[in-house]
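In case you want the letters, here they are:
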Amino acid sequence: MKMQAERLTVIEPLPLPLHEKLFDDGEQLALALARQVAADLRAALARHGEASIALSGGNTPKRFFQLLSQQTLDWARVTVLPIDERWVPAEHPRSNERLLREHLFQNNAAVARFLPLYRPVDTPEMALMPVLTKIANEGLPLDVAVLGMGEDGHTASLFPDLGHDNPALREIGLQPRGRAPVMSVRTAAMPEPRMTLTLSAIFTAPALYLHIEGESKRAVLDAARSDPRSTLPIRAALAGASNAPTLYWSP
Ligand SMILES: O=C(O)[C@H](O)[C@@H](O)[C@H](O)[C@H](O)COP(=O)(O)O
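Residues numbered from 1 in each chain as written. Predicted model: local features only at pLDDT ≥ 70, side-chain atom pairs only at ≥ 80, totals over all residues. Heavy atoms only, no water.

- As recorded by an unreviewed UniProt entry, the protein carries the name 6-phosphogluconolactonase and is attributed to Lysobacter enzymogenes.
- Under Function (unreviewed entry), UniProt gives the following word-for-word description of the protein: "Hydrolysis of 6-phosphogluconolactone to 6-phosphogluconate."
- Within the UniProt record for the protein, the comment given under Pathway (unreviewed entry) is "Carbohydrate degradation; pentose phosphate pathway; D-ribulose 5-phosphate from D-glucose 6-phosphate (oxidative stage): step 2/3." (UniProt positions renumbered as here; feature names shortened; annotations may be inferred.)

Written out as structure tokens, the structure is:
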């Protein structure tokens with residue numbers, strides 16, 4: 001009797017879950033994201049009388065910040081913190097604090113409460129404990145977090161050379177127990193040291209968004225989502241979040 005050759009079916013792993021909102025251009029995206037985030041903040045204010053939001057820096061979110069600043073809500077009860085910071089003086093062109101002061105802290109949002117990560121000391125390590133304590137006591141848990149992503153698959157200041165087994169990349173549930181919510185980062189990829197929220201802090205936000213623009217970043221994201229062997233930080237961000245993030249993307 002001829003044995004039937006066993007047919008092995010290779011089951012492709014499913015890509016990590018991600019809600020997707022796609023737009024024709026950055027302007028439409030920025031307005032939609034500003035309206036969504038404002039609604040999240042209003043809901044948090046209604047729920048517990050205050051709200052906390054962490055925002056990524058870089059170039060992509062400028063228009064989003066400008067439109068968010070025009071949204072009507074009780075900004076005086078909203079705490080804003082950078083998801084990460086380049087260790088440069090607050091007036092430096094590369095400062096995320098400067099980016100927020102120029103594009104978000106204006107119009108209605110001018111009265112928002114700000115928790116900077118930068119301190120005027122030489123290194124992020126010198127400021128880590130006071131910043132960590134203030135963020136943990138006054139900024140967490142978050143209600144909203146908006147991640148960006150670099151072309152190398154970094155998010156926040158969690159870069160690929162951090163090492164995929166770094167505790168900063170592992171989720172830890174609603175409260176960062178035993179792992180610091182903030183850490184200093186030095187990477188060959190960037191000219192300056194950084195301070196960043198870790199994923200355990202970012203994952204305290206029930207409303208988690210990923211705001212990226214352009215085809216090349218989309219390709220990096222899709223590859224990281226689909227490849228279970230990917231060690232890119234953006235994959236750790238997608239895999240560890242208790243609620244699937246929502247992608248806001250335009251070409
Ligand atoms: O400080 C930063 O650089 C950001 O927090 C970082 O995570 C950013 O989101 C990406 O680097 C994308 O930056 P662009 O929007 O400039 O491409």
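### What about the overall build of the protein?
(1) Moving on: Assigned secondary structure in the protein consists of seven helices and ten strands.
(2) Moving on: Relative to a compact globule of 251 residues, whose C-alpha radius of gyration would be 18 Å, the protein shows 19 Å and is just as compact.
(3) Moving on: For the protein, the spread of C-alpha atoms along the three principal axes comes to 80 × 40 × 35 Å.
(4) Moving on: Taking the intrachain contacts of the protein between residues at least 6 apart in sequence as the baseline, contacts between residues at least 24 apart amount to 78%. (Helix = DSSP H or I, 4+ residues; strand = E, 2+ residues; numbered from the N terminus. Rg over C-alpha atoms; globule rule 2.2 N^0.38 Å. Contact = heavy atoms within 4.5 Å.)

### What to know about the site of the ligand
(1) Moving on: Within the structure, the ligand sits among 15 residues, and Thr60, Asp84, His154, Ala156 and Lys217 are positioned closest to it.
(2) Moving on: One nitrogen or oxygen atom from the side chain of His154 is found 2.7 Å from an oxygen atom belonging to the ligand.
(3) Moving on: Bound to the protein, the ligand loses 89% of the 410 Å² it would expose on its own.
(4) Moving on: Applying the majority rule of atoms within 2 Å of the grid points places the ligand in the largest pocket.
(5) Moving on: Residue classes in the shell around the ligand are distributed as two nonpolar, nine polar and four charged. (Near = heavy atom within 4 Å. Polar contact = N/O pair within 3.5 Å; in protein donor to acceptor, adjacent residues only side chain to side chain. Areas by Shrake-Rupley, 256 points an atom, 1.4 Å probe, with all protein chains shown as cover. 1 Å grid on protein atoms, 1.4 Å probe; cavity = no way out; pocket = protein on both sides within 12 Å on 5 of 7 lines; lining within 4 Å. Sits in = over half its atoms within 2 Å of the grid points. Nonpolar A, V, L, I, M, F, W, Y, C, P; charged D, E, K, R; others polar.)

### Focus on the pairing of strand E3 (residues 78-82)
Across a regular strand the side chains alternate sides, sitting on one face of the sheet and then on the other.
(1) Moving on: Of all five residues that make up E3, five are buried, and the element is covered over most of its length.
(2) Moving on: Bridge count for E3 against strand E5 (residues 113-114) is two bridges, and the pairing is parallel. When the bridges of E5 are listed, Val80 appears paired with Phe114. (Buried < 20%, exposed > 50% of the residue type's maximum accessible area, 1.4 Å probe, protein only. Pairing = 2+ DSSP bridges.)

### Details of the nonpolar core
(1) Moving on: Core analysis: the largest hydrophobic core is formed by 47 residues, its most contacted members being Ile135, Leu197, Ile202 and Leu221.
(2) Moving on: Residue contributions to this core peak at five residues, all from helix H4 (residues 124-138).
(3) Moving on: The contact partners of Leu221, leaving out residues within four places of it in the chain, are Leu18, Met149, Leu210, Ile212, Ile234, Leu238 and Leu247.
(4) Moving on: Counting 33 residues, the second-largest nonpolar core is a separate cluster that includes Leu29, Leu55, Leu99 and Leu100. (Core = buried A, V, L, I, M, F, W, Y, C linked by side-chain atoms within 4.5 Å.)

### Here's the deal with the pairing of strand E9 (residues 207-213)
(1) Moving on: The element E9 is largely enclosed, with a buried count of six among its seven residues.
(2) Moving on: Where strand E6 (residues 144-147) lies against E9, four bridges are found, and the strand directions are parallel. Paired with Leu147 across the bridge in E9 is Leu210.
(3) Moving on: When E9 meets strand E10 (residues 246-250), the two strands line up parallel, connected through five bridges.

### Notes on the sheet that holds strand E7 (residues 182-185)
(1) Moving on: Spatially, the three strands line up as an open sheet ordered E4-E8-E7, and their pairing is antiparallel. Each of the sheet's edge strands pairs with one partner strand only, and the pair in question is strand E4 (84-86) and E7. Neighbour-to-neighbour, the strand axes of this sheet turn through a mean angle of 20°, independent of strand direction.
(2) Moving on: Sitting on the sheet, H4 is in contact with E7 and strand E8 (194-197), with an inclination near 160° to E7. (Axes fitted to C-alpha atoms, helices over the stretch in contact; angles between N-to-C directions.)

### A few points about unusual backbone geometry
(1) Moving on: Cis rather than trans, the peptide bond between Leu140 and Pro141 has omega equal to 0°.
(2) Moving on: Relative to the helices and strands, Pro141 is located in the loop between H4 and E6.
(3) Moving on: The backbone phi angle of Asn107 is positive, close to 50°, even though this residue is not glycine.
(4) Moving on: Considering the arrangement of structural elements, one finds Asn107 in the loop between helix H3 (96-103) and E5.
(5) Moving on: Residue Asn107 is classed as partly exposed on the basis of its relative accessible area of 45%.

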